[in-house]
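What follows is each chain in one-letter form.
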Amino acid sequence: MTHTATTEDAPEDKQREIEAEVTRRVLESFADCTDPRLRQVLESLVQHLHAFVRDVRLTEREWDLGIDFLTRAGHITDDRRQEFILLSDVLGVSMQTVAVNNEAYGQATEATVFGPFFVEDSPGIEPGGDMAFGASGEPCWVEGTVTDTSGKPVAGARVEVWEADEDGFYDTQYDDDRTAARAHLFTDPDGRYRFWGLTPTPYAIPHDGPVGQLLAATGRSPMRASHLHFMVSAPALRTLVTHIFVRGDEHLDSDAVFGVKESLVKDFHRREPGSPTPDGRDLGDRVWSRVRFDIVLAPDGT
């Protein structure tokens, strides 16, 4: 049956034409863009943004609030805090980008979010060294191997690690310019690595700014599941950015940035005070833990 426009639905048709015309004109404005990838990205962005506006029938008041939100996110961002990465994280955009850029390859270790607390030029430590550098927390012995997907050990791989202290803060969140709970080391000829870190504890992402207000307004928790960050790189292999998580953590199913993957949940074995340590370190009357994390890197370009 052919639909015949009526007087009643004609205004709706006219409105749709007006809205479509706005999108068309914006898309045409990129006609002279000489970078094909930039043009593709901008055209897709415009189409999706305009479709969003039409879908929810965005009001001018809501548009104002959105602009204000982004403005405040910009004002709170500085060289120590990145509110836009935080926003990307809590909306799942970061994890979706990770998924798109790290396609599954054999038994390669899964990637997860980078997070806003990585710092270039971390201090180097020797195998078995302590990356805590005085940060508060329970000692944790971390060990494992780095191999490629054929099982070949990767010698000289750079293993970058960073984490929060037992109070849930990274060194960059303090005002004294400390460097703590972050370091890098290299695998030995057999692809092995080992170091002392801290047993991860859960913490809240920064929620004293616009992103925190968004979480509160939507009834979401700012808590992240306990984790230890890794970035592992070696020539001809895909750089891996990932975490390991503590099995049994209460926030595994509600991680604020959707970063948890089952393959990255590990057993952190607690040891009583006085228990012998792997390297003979004397921890006195302190409880400590140990965990193993074997890392498999995919070929570069996969």
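Residues numbered from 1 in each chain as written. Predicted model: local features only at pLDDT ≥ 70, side-chain atom pairs only at ≥ 80, totals over all residues. Heavy atoms only, no water.

Chemist: Pulling in residues and values, what's your account of the overall build of the protein chain?
Modeler: Summing up its helical and strand segments, the protein chain has 6 helices and 12 strands in all. At 24 Å, the protein chain has a C-alpha radius of gyration far larger than the 19 Å of a compact globule built from 302 residues. With the C-alpha coordinates aligned to their principal axes, the bounding extent of the protein chain is approximately 85 × 40 × 40 Å. A buried classification covers 41% of the 302 residues belonging to the protein chain. Long-range contacts, defined here as pairs at least 24 residues apart, represent 70% of the contacts in the protein chain between residues at least 6 apart. Mean positive and mean negative side-chain charge positions of the protein chain (30 and 53 charges, respectively) differ by 3 Å. (Helix = DSSP H or I, 4+ residues; strand = E, 2+ residues; numbered from the N terminus. Rg over C-alpha atoms; globule rule 2.2 N^0.38 Å. Buried < 20%, exposed > 50% of the residue type's maximum accessible area, 1.4 Å probe, protein only. Contact = heavy atoms within 4.5 Å. Lys, Arg positive; Asp, Glu negative; His and termini not counted. Charge placed at Lys NZ, Arg CZ, Asp CG, Glu CD.)

Chemist: Describe the sheet that holds strand β9 (residues 265-266), listing the residues and the values that go with them.
Modeler: In spatial order, the strands read β3-β2-β7-β8-β9; together these 5 strands make up an open sheet with mixed pairing. Strands at the two margins of the open sheet, each flanked by one partner only, are β3 (182-186) and β9. In the sheet, strand β8 (residues 240-246) pairs with β9 via 2 bridges, with the strands oriented parallel. Pairing of Val 246 across the sheet is with Lys 266, part of β9. (Pairing = 2+ DSSP bridges.)

Chemist: Outline the environment of Arg 270, listing residues and values.
Modeler: Tracing the chain through its elements places Arg 270 in strand β10 (residues 269-271). Taking C-alpha positions, Arg 270 is 59 Å from Phe 30, a pair spaced 240 residues apart along the chain. Contacts of Arg 270, omitting those with residues within four sequence positions, involve Glu 138, Val 287, Trp 288 and Ser 289. At 2.6 Å, the side chain of Arg 270 and the side chain of Glu 138 are in polar contact. (Polar contact = N/O pair within 3.5 Å; in protein donor to acceptor, adjacent residues only side chain to side chain.)

Chemist: So what's going on with the packing of aromatic side chains? Which residues, and what values?
Modeler: As enumerated under the stated definition, the model contains 12 aromatic pairs in all. A centroid spacing of 5.2 Å and a plane angle of 65° characterise the contact between Trp 141 and Trp 196, whose relative ring orientation is edge-to-face. In this pair, Trp 141 is assigned in strand β1 (residues 139-148) and Trp 196 in strand β4 (residues 192-198), connecting sequence segments 55 residues apart. Its relative accessible area of 3% is what places Trp 141 among the buried residues. Plain terms: the ring middles of Phe 230 and Phe 293 are 5.0 Å apart, the flat faces sit at 70° to each other, and that makes the pair edge-to-face. Taken together, the residues Phe 230 in strand β7 (residues 227-233) and Phe 293 in the loop between β11 (288-292) and β12 (295-297) connect sequence positions 63 residues apart. Here Phe 230 matches Phe 293 in class, with each residue buried. Every member of this aromatic cluster is reached through a ring pair, and the members are Tyr 193, Phe 195, Phe 230 and Phe 293. Across the ring face of Tyr 174, the terminal group of Arg 178 is positioned such that the distance to the ring centre comes to 3.7 Å. (Phe/Tyr/Trp six-rings, centres within 6.5 Å; stacked < 30°, edge-to-face > 60°. Lys NZ or Arg CZ within 6 Å of the ring centre and 35° of its normal.)

Chemist: How would you sum up the packing of helix α1 (residues 10-28) against helix α2 (residues 36-56)? Please name residues and give values.
Modeler: At a closest axis distance of 10 Å, the pairing of α1 and α2 adopts a crossing angle of 160°. Our classification of the angle between α1 and α2 gives roughly antiparallel. Crossing of α1 over α2 shows right-handed handedness. On α2, the residues that touch Glu 19, Val 22, Thr 23, Val 26 and Leu 27 of α1 are Glu 43, Val 46, Gln 47, His 50 and Arg 54. (Axes fitted to C-alpha atoms, helices over the stretch in contact; angles between N-to-C directions. Parallel < 35°, antiparallel > 145°, perpendicular 65-115°, else oblique. Left-handed = near helix turned anticlockwise from the far one by under 90°.)

Chemist: I'd like to hear about the pairing of strand β2 (residues 158-162), residue by residue, with values.
Modeler: Across the 5 residues that make up β2, a large majority, 4, are buried. Pairing geometry for β2 and β3, over 5 bridges, is antiparallel. Counterpart to Glu 160 in the pairing with β3 is His 184. As paired strands, β2 and β7 are joined by 5 bridges and run antiparallel to one another. Paired with Arg 158 across the strands is Ser 233, a residue of β7.

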